[in-house]
Amino acid sequence: MKNHDCHVFKECLLPTTFSSLPVHALNPLIEVSYFFRDLCSTTLSNCDLARMEENIPIIICELEKIFLLAFFN
């Protein structure tokens, strides 16, 4: 996949692709998708960056509950 295709997948297609998953597994994946969408937006304020910085450790912890730890290496 090209770079743009990868971004589209992470930002748009990821939530709809995994919509059949249970809610406890779907929500962290959707949050990661929103994180990448916000990170790649054309306008980004300091408030947005601070909010994203606070939320990403929580999202990673939720993902670690779902996936094996080897997934993150």
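Residues numbered from 1 in each chain as written. Predicted model: local features only at pLDDT ≥ 70, side-chain atom pairs only at ≥ 80, totals over all residues. Heavy atoms only, no water.

Student: Could you clarify how one ought to interpret the overall build of the protein chain in this entry?
Tutor: Looking only at helices and strands, one finds three helices and zero strands in the protein chain. When the elements of the protein chain are put in sequence order from the N terminus, they spell out α-α-α. Referenced to the eigenvectors of the C-alpha coordinate spread, the extents of the protein chain come out at roughly 35 × 30 × 25 Å. Counting every position in the protein chain, which comprises 73 residues, the buried fraction comes to 21%. (Helix = DSSP H or I, 4+ residues; strand = E, 2+ residues; numbered from the N terminus. Buried < 20%, exposed > 50% of the residue type's maximum accessible area, 1.4 Å probe, protein only.)

Student: Can you help me understand helix α3 (residues 46–66) in this one?
Tutor: Structurally, the α-helix is built with 3.6 residues per turn, so residues lying three or four positions apart point the same way. Taking 1.5 Å of rise per residue, 21 residues should cover 30 Å, and α3 covers 31 Å from first to last C-alpha, within 8% of that figure. Within α3, the axis deviates most sharply at Asn 55, by approximately 30°, and proline Pro 57 lies no more than four positions further along. Within the sequence span of α3, burial applies to Met 52, Ile 59 and Leu 63. If you follow the buried residues of α3, they end up packed against α2 (23–39). (Expected span 1.5 Å × (residues − 1). Bend = angle between axes of the 7 residues up to and from the residue. Contact = heavy atoms within 4.5 Å.)

Student: Explanation requested: the confidence of the model for the protein chain in the structure shown.
Tutor: Detailed conclusions should not be drawn from predicted coordinates in areas where pLDDT is low. Chain-level pLDDT for the protein chain is 83 on average; 90% of the residues reach the 70-or-more range. Mean pLDDT values over the elements of the protein chain span from 71, in helix α1 (residues 3–17), up to 92, in α3. (pLDDT = per-residue confidence, 0-100.)

Student: Could you clarify how one ought to interpret the environment of Ile 30 in this entry?
Tutor: With respect to the helices and strands, Ile 30 occurs in helix α2. Taking the C-alpha atoms as reference points, Ile 30 and Cys 40, 10 residues apart in sequence, are found 15 Å from one another.

Student: Is there a simple way to think about α2 in this case?
Tutor: With 17 residues, α2 should cover 24 Å at 1.5 Å per step; its first-to-last C-alpha distance of 24 Å lies within 8% of that length. Buried residues of α2: Ala 25, Leu 26, Pro 28, Leu 29, Ile 30, Val 32, Ser 33, Phe 35 and Asp 38, and no others.

Student: Please explain the pattern of salt bridges as it appears in this structure.
Tutor: Two side chains that carry opposite charge are able to pair once their charged atoms sit near each other. Tallied over the entire structure, the rule returns three salt bridges. Arg 51 serves as the salt-bridge partner of Asp 38, at 3.5 Å between the closest nitrogen and oxygen. With Asp 38 in helix α2 and Arg 51 in helix α3, this residue pair connects regions lying 13 residues apart in the sequence. Relative accessible area serves as the criterion here: at 36%, Arg 51 is assigned to the partly exposed category. In this structure, Arg 51 engages Asp 48 in a salt bridge whose closest nitrogen and oxygen atoms are separated by 3.8 Å. A residue pair is termed a helical-turn pair when its members lie 3 or 4 positions apart in one helix, as Arg 51 and Asp 48 do in helix α3 at three residues. (Salt bridge = Lys/Arg side-chain N within 4 Å of Asp/Glu carboxyl O.)

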